[in-house]
Amino acid sequence: MSDSPVALLRAHARHAPWNARGLASHATALVDAAGMRPTNTSARATPSARAIRFYVANGLLDHPEGKGTAATYHYKHLLQLLAIKIRQREGQTLDVIKQEIAGIHGDQLEKRVAASLAPALGAGLGGTNAPADDASDAAWRRIGVADGIELHVRSDSPAATDGALVALREAVRAALGREDIR
């Protein structure tokens, strides 16, 4: 039996602490893998270290431990950043998102983020899901990313849908800096 989306999301806490760039990269990978399509330009933009600092300065993210390049971000920051990017991709403005985040405490934020990212979390991103014992007999979906690069997803995975596979392919292409590959 698979773990709940909240438990799978919590598994990402083991990757903490992050610097601003690492936090942005981790959050982007999760949101992109969930197949959430951006509704506008600001939602399409992947967060950068500069955006992280902007979110902190404007009260959207809690202050990190340390300052400058020594600043470190933890699991709560990941949840906050994921909530920002998810709501942006749903069409909300930063002002509305700031009010929403301020009104959410404790496990509520974690549960909301986990529910939004359930398809990506169920796909075992970050290696949190062990393959089934009979994985060698499972059917696999394959999608080409670039010359010499191919993704393999077990067909019974939530990530095996056409939309999720396209999102995964595009996320890998973006990580390679090769969005122009078709």
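What counts and what doesn't
Residues numbered from 1 in each chain as written. Predicted model: local features only at pLDDT ≥ 70, side-chain atom pairs only at ≥ 80, totals over all residues. Heavy atoms only, no water. Helix = DSSP H or I, 4+ residues; strand = E, 2+ residues; numbered from the N terminus. Buried < 20%, exposed > 50% of the residue type's maximum accessible area, 1.4 Å probe, protein only. Contact = heavy atoms within 4.5 Å. Areas by Shrake-Rupley, 256 points an atom, 1.4 Å probe, with all protein chains shown as cover. pLDDT = per-residue confidence, 0-100. Expected span 1.5 Å × (residues − 1). Polar contact = N/O pair within 3.5 Å; in protein donor to acceptor, adjacent residues only side chain to side chain. Salt bridge = Lys/Arg side-chain N within 4 Å of Asp/Glu carboxyl O.

Student: Got a minute to help me understand the overall build of the chain in this structure?
Tutor: Secondary structure assignment for the chain yields nine helices and two strands. Seen in sequence order, the chain has helices and strands lined up from the N terminus as α-α-α-α-α-α-α-α-β-β-α. Expressed as a percentage of its 182 residues, the buried residues of the chain come to 38%. Partitioning the contacts of the chain with sequence separation of at least 6, the portion at a separation of at least 24 is 63%. As presented, the chain carries roughly 10,100 Å² of accessible surface, and 51% of it is formed by carbon and sulfur atoms.

Student: Explanation requested: the confidence of the model for the chain in the structure shown.
Tutor: Close reading of the predicted structure is inappropriate where its pLDDT is low. For the chain, mean pLDDT is 78; residues scoring 70 or higher make up 79% of the total. Confidence scores differ between elements of the chain, with helix H3 (residues 41-44) showing the lowest mean pLDDT of 63 and helix H4 (residues 49-57) the highest of 92. Under a pLDDT of 50 for its full length, residues 123-136 has, in the predicted model, 24 contacts with residues more than four places off or in other chains.

Student: I would appreciate a short explanation of helix H2 (residues 20-33) in the present structure.
Tutor: Each full turn of the α-helix corresponds to 3.6 residues, which orients residues three or four apart in the same direction. Spanning 14 residues, H2 covers 20 Å between terminal C-alpha atoms, matching the ideal 20 Å at 1.5 Å per step. Of all the residues in H2, the buried ones are Ala-20, Leu-23, Ala-24, His-26, Ala-27, Thr-28, Leu-30, Val-31, Asp-32 and Ala-33. The backbone nitrogen of Arg-21 has a side-chain oxygen 3.2 Å away, supplied by the residue at the start of H2, namely Asn-19.

Student: Which parts of the structure should I look at to understand the pattern of salt bridges?
Tutor: Close approach of charged atoms allows side chains with opposite charge to pair. A full pass over the atoms with the stated rule returns six salt bridges. Glu-90 serves as the salt-bridge partner of Arg-87, at 2.4 Å between the closest nitrogen and oxygen.

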